[in-house]
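# Topology and contacts: notes
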Amino acid sequence: MKFAVGALFVVVTTSLGAAAGPLSPLRIRTVDVPRTPGEAVETACAEGLLPDGEACVHLPADDEAEDAVIATNAHRERSGRWAIYDQIPRRPDRPADYELYRYPVAPGLAGGRTVVSGYDLDRPNESQRRGATLRATGHGGVDLPGPRGTEIKVVALEHQQGDADVVFVGQLFGTSVVTRHTIREAGQLRDYVVLYGHLASAAPGLVAGTTVHEGDLLGLMGDTGSPELVHLHLEVRRVRDGLDIATKAGGQLMESAVSIVCDPRNVLPFK
């Protein structure tokens, strides 16, 4: 829907998504139009809209969402072994800026920023994260620092269908919680699992099988499994097609035969 207001065109779009109910809130963007022939056009896109020349392109609705395609990459592990793995890189239609997305914790960095380290398993071997304190090479999620005890809450993923459920609570990346979310992607339903790692503690009474809603408490930020580095490790993985994870637990959920590591920007909602 488009209508003129003064020298602006106002475009109103909607998109379907169960995470926001049957109909998500209206998204409004404004596009300046030339006042005189030949005058340059300036495009100001709202959150969740991508600039495309002189226009803003809205995110696709559930049944239009592009498929997140599996790619193969490799890196040299610290042991010297050459490891080849499947991974799902960021889709071209998803913005690269991590700060455009919404996370399970409040911003913990100066300037209201949230992410201190991002996904790099799609990069060349030499560009993947390494460090003396890391037991593995590469980073399959995002690290979100903050004060010890920061609340970690459920965030419904983009195009999520229904509520999420908890599939694991226990020791994985330190104290960890894993949730399962069903997403409509490229016209079909797919399961994703989200790992929340290094928690000080899980929420009281939280156990596998619990249904969790947007905003529910999952636990508190800590440094279990990463001493002195208080942060949340947030990792997203897509369950392999046709696989039921009901019989999988703990580290099995993170095995490549069960799930594929995914750039979290593919499924995180916009602010």
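To start, this report covers the structure provided alongside it. Values in this document were obtained by computation on a predicted structure and should not be read as measured data. (Residues numbered from 1 in each chain as written. Predicted model: local features only at pLDDT ≥ 70, side-chain atom pairs only at ≥ 80, totals over all residues. Heavy atoms only, no water.)

### Quick word on the overall build of the protein chain
Applied cut-off: The secondary structure listing takes helices from DSSP runs of H or I that are at least 4 residues long and strands from runs of E that are at least 2 residues long, numbered from the N terminus. Partly exposed describes any residue whose relative accessible area lies between the buried limit of under 20% and the exposed limit of over 50%, with all areas from a 1.4 Å probe on protein chains only and scaled to the type maximum. Here, residues are in contact when the closest pair of their heavy atoms is within 4.5 Å. Only the protein chains shown count as covering a residue, and every accessible area follows the Shrake-Rupley method with a 1.4 Å probe.
Along the protein chain, the regular secondary structure elements total zero helices and 17 strands. The buried share of the protein chain, taken over its 271 residues, is 45%. Restricting the contact set of the protein chain to residue pairs at least 6 apart, pairs at least 24 apart contribute 58%. Summing over all exposed atoms, the protein chain offers an accessible surface of approximately 13100 Å²; the carbon and sulfur share of this is 55%.

### Section: the pattern of salt bridges
Put simply, the rule is: When a carboxyl oxygen of Asp or Glu is within 4 Å of a side-chain nitrogen of Lys or Arg, the pair counts as a salt bridge.
Throughout the structure, instances matching the rule amount to 13 salt bridges. As a salt-bridge pair, R190 and D67 come within 2.7 Å of each other at their nearest N and O atoms. In this pair, R190 sits in strand β13 (residues 188–202) while D67 sits in the loop between β6 (55–58) and β7 (71–76), placing the two residues 123 residues apart along the sequence. A residue is classified by how much of its surface remains accessible, and D67, at 33% relative accessible area, is partly exposed.

### Here we look at the packing of aromatic side chains
To keep things clear, this is the line we draw: Pairing of aromatic side chains requires ring centres within 6.5 Å, counting the rings of Phe and Tyr and the six-membered ring of Trp. Pairs whose planes differ by under 30 degrees are stacked, by over 60 edge-to-face, and all others tilted. Here, over-ring charges are defined by two tests on the NZ atom of lysine or the CZ atom of arginine: distance to the ring centre within 6 Å, and angle to the ring normal within 35 degrees.
Counted under the stated rule, the structure contains one aromatic pair. On the numbers, 5.0 Å between centres and 20° between planes, the contact of Y101 with F270 is stacked. Here F270 lies in the segment after β17 (259–262) and Y101 lies in the loop between β8 (82–88) and β9 (141–145), a separation of 169 residues in the sequence. For the residue pair Y101 and F270, the accessibility class agrees, reading buried in each case. Residue placement shows R265 over the ring face of Y98; its charged tip is 4.0 Å from the ring centre.

### Notes on the pairing of strand β15 (residues 217–221)
To keep things clear, this is the line we draw: One bridge is not enough; two strands pair if DSSP finds at least two bridges between them.
Pairing between strand β10 (residues 151–153) and β15: three bridges, direction antiparallel. Bridging from a neighbouring strand, E151 pairs with L220 of β15.

### Topic: unusual backbone geometry
One non-glycine residue, H159, lies in the positive phi region at around 65°. Residue placement: H159 occurs in the loop between β10 and β11 (164–172). Given the relative accessible area of 11%, H159 is considered buried. One non-glycine residue, A186, lies in positive phi territory at about 55°. Looking at the element boundaries, A186 is found in the loop between β12 (174–185) and β13. Assessed through its relative accessible area of 33%, A186 is described here as partly exposed.

### A short note on the nonpolar core
For soluble globular proteins, the rule of thumb is that nonpolar side chains tend to be buried together. For clarity, the cut-off: Residues belong to a common nonpolar core when they are buried Ala, Val, Leu, Ile, Met, Phe, Trp, Tyr or Cys residues joined through side-chain atoms within 4.5 Å.
Grouped together as the largest cluster of nonpolar side chains are 37 residues, with contacts concentrated most on Y103 and Y196. By residue number, the principal contributor to this core is β13, which donates four residues. Not counting residues up to four positions away in its chain, the partners in contact with Y196 are P104, I152, T175, S176, V177, T179, H181, L218, L232, H233 and L234. Formed by ten residues, the second largest nonpolar core is a distinct cluster that contains V193, V239, I245 and M254.

### What to know about the pairing of β11
Bridge analysis of β11 against strand β14 (residues 211–212) gives two bridges, and the strand direction is antiparallel. What sits directly across from D165, in β14, is T211. Alignment of β11 against β12, held across seven bridges, turns out to be antiparallel. Each bridged residue has a counterpart across the sheet, and for F168 the counterpart in β12 is V178. Hairpin geometry of β11 and β12 is characterised by an intervening segment of one residue between the two adjacent antiparallel strands.

### What about the environment of P95?
Tracing the backbone through its elements, the reader meets P95 in the loop between β8 and β9. Taking the relative accessible area as the measure of exposure, P95 reaches 14% and is therefore buried. In this structure the C-alpha to C-alpha distance between P95 and N266, which are 171 residues apart in sequence, comes to 9.0 Å.

### Concerning the side chain of R94
Inclusion rule: The sign given to each residue is positive for Lys and Arg and negative for Asp and Glu; His and the chain ends receive no count. Any pair of N or O atoms that falls within 3.5 Å is considered a polar contact. Within protein, one atom must be able to donate a hydrogen and the other to accept it, and sequence-neighbouring residues count only if both atoms are side-chain atoms.
Relative to the helices and strands, R94 is located in the loop between β8 and β9. For the buried residue R94, which engages in no salt bridge, the nearest side chain bearing the opposite charge is E158, 4.5 Å off. Side-chain polar atoms of R94 contact the backbone oxygen of L268, separated by 2.7 Å.

### Considering the environment of M254
Tracing the sequence through the fold places M254 in the loop between β16 (231–239) and β17. Its relative accessible area of 14% is what places M254 among the buried residues. Excluding residues that lie within four positions of it along the chain, M254 makes contacts with L172, V178, V193, L195, E235, R237 and S259.

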